[in-house]
Amino acid sequence: MHTTTRVQLDLAALRHNYQQIRQIAGASRAFAVVKSDAYGHGLLRIAAGLPDADGFALIQMDDLRALRENGIQTPVLLLEGVMNAADLQDACLLNADMVLRSESQLQMLECMPVYAQPLKIWLKVNSGMNRFGFRPEQLPGILQRIEALKAVRLCGLMTHFACADDLDSDIEGQWQVFSQAVQRYQLPFTAANSAALLRDARTHGAIARVGSLVYGNNPFSQPMPAGYDFRPVMSLQSEIIGMSHLQAGEALGYGATFTADKPMLIGLVGCGYGDGYPYTAPTGTPVLVKGNRTRVVGKVAMNVMAVDLSGVDAIKLGDPVVLWGDSQLQIAEVSQYSGVLSEALECGLTKRLPVCLIGEEPSFA
Ligand SMILES: *Cc1c(COP(=O)(O)O)cnc(C)c1O
């Protein structure tokens, strides 16, 4: 069957965003965070699109293996360390640095054999997120135990901010806790995510770990501050697969939640929650039909949704629809209407969708 919905990835935008990040990061290295299949964009596509990245940060061991199996030798940081001895060995052999974030991981390191090269670790400090990491008062004991390990080399301290994305909430509390530890032990550090990279240069450290901005998403819960130029990498596209004329007073679709107050032309778009478009997007959510900004009407169904074509001229079957990821329609708007985080929208697309790449470097081979 003909698939009407597809994902377009703009690799030129990807490289552009990464260069912007590099500039802001200054002397710090910028690791592109590619966890969760590169925020739903496809791990290998994104990794191949950033051949000059300083590094990649990820969580799943299979992703590390996939990178190395595909010949990608870029430095990798395992954001949550490893869960068992076999993965520990692979992390060493595949040359990945890891975060050490729990007592059980430390005990694993204390039992590990010495491999050809030491395992490089970043010790996670719990500065207030209160999920993983060691509290500042535990650090002297932990650092002593790490020092005794032949198989391990400590690179520095790591932490993660809980509220950097909210410009109304300050990160000072967490930063004070963390920077005191950094001062005290005089170690390199990695702390910044996308939001902290933009809002506070003190947090840049040795490595900034940048996810959302790589993909062109606004990392803040407020509108993006002026003066930045990040471009959407992903665009979700579909097409008009049908049209329907409503008379005044007629209701549309499941639940009859939308009723026309005048005669209306409705476009039916071949995309729905089965593809990953949010079911919670209400009437009014913006969409682009052949470049015209209009709105969703009624309930999003599994494979179809309806849009208002009043005032949009000469639409025919097959005309293109952009659901997000255009200069005229940011994913942040769909996020706001649907109550689903931009990153959750991207991660939530079904892997069945065809993907097309644009902005690839011309090949002269
Ligand atoms: C996901 C993640 C990041 C990246 O966060 P963004 O807000 O997407 O930049 C950084 N550090 C850690 C530990 C993460 O898990």
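Anyway, here's the lowdown on the structure attached to this text. Since we're looking at a predicted model, the values are computed, not measured.

Let's talk about a nonpolar patch on the surface
And then number 1: On the surface, Tyr273, Tyr279 and Met302 cluster together into a nonpolar patch covering about 320 Å² of accessible area.
And then number 2: Here Tyr279 shows up in the loop between strand S13 (264–269) and strand S14 (286–289).
And then number 3: Its relative accessible area of 45% is what places Tyr279 among the partly exposed residues.

Description of the site of the ligand
And then number 1: Neighbouring the ligand are the residues Val33, Lys35, Tyr39, Leu79, Met158, His160, Asn193, Ser194, Arg209, Val210, Gly211 and Ser212.
And then number 2: In this structure, a nitrogen atom belonging to the ligand sits 3.5 Å away from a side-chain N or O atom of His160.
And then number 3: Separating an oxygen atom of the ligand from a side-chain N or O atom of Ser212 is a distance of 2.9 Å.
And then number 4: Look at the ligand: alone it shows 390 Å² of surface, and the protein chains cover 88% of it.
And then number 5: Taken atom by atom, the bulk of the ligand overlaps the largest pocket.
And then number 6: Elements supplying a minimum of two residues to the shell around the ligand: helix H2 (35–39) and strand S9 (207–210).
And then number 7: Here the residues of the shell around the ligand sort into five nonpolar, five polar and two charged.

Observations concerning the layout of surface pockets
And then number 1: There is about 990 Å³ of room inside the largest pocket.
And then number 2: The wall of the largest pocket is formed by 38 residues, among which Asp165, Ser212, Pro219, Leu341 and Glu343 lie closest to the centre.
And then number 3: Mapped by element, the contributors of at least two residues to the lining of the largest pocket are H2, helix H9 (194–199), helix H10 (331–338) and helix H11 (342–347).
And then number 4: In terms of residues, the lining of the largest pocket owes the most to one element, H10, which gives four residues.
And then number 5: For the lining of the largest pocket, the residue count by class is 17 nonpolar, 13 polar and eight charged.
And then number 6: Viewed by domain, the lining of the largest pocket spans two of them, domain 1 (11–215) and domain 2 (234–358), each represented by three or more residues.

Rules behind the numbers
- Residues numbered from 1 in each chain as written.
- Predicted model: local features only at pLDDT ≥ 70, side-chain atom pairs only at ≥ 80, totals over all residues.
- Heavy atoms only, no water.
- Patch = residues over 30% accessible without salt bridge, like charges linked within 9 Å, V, L, I, M, F, W, Y side chains within 5 Å.
- Areas by Shrake-Rupley, 256 points an atom, 1.4 Å probe, with all protein chains shown as cover.
- Salt bridge = Lys/Arg side-chain N within 4 Å of Asp/Glu carboxyl O.
- Helix = DSSP H or I, 4+ residues; strand = E, 2+ residues; numbered from the N terminus.
- Buried < 20%, exposed > 50% of the residue type's maximum accessible area, 1.4 Å probe, protein only.
- Near = heavy atom within 4 Å.
- Polar contact = N/O pair within 3.5 Å; in protein donor to acceptor, adjacent residues only side chain to side chain.
- 1 Å grid on protein atoms, 1.4 Å probe; cavity = no way out; pocket = protein on both sides within 12 Å on 5 of 7 lines; lining within 4 Å.
- Sits in = over half its atoms within 2 Å of the grid points.
- Nonpolar A, V, L, I, M, F, W, Y, C, P; charged D, E, K, R; others polar.
- Points joined across faces, edges and corners; volume = space filled by probe spheres on them.
- Domains from an automatic or database assignment.

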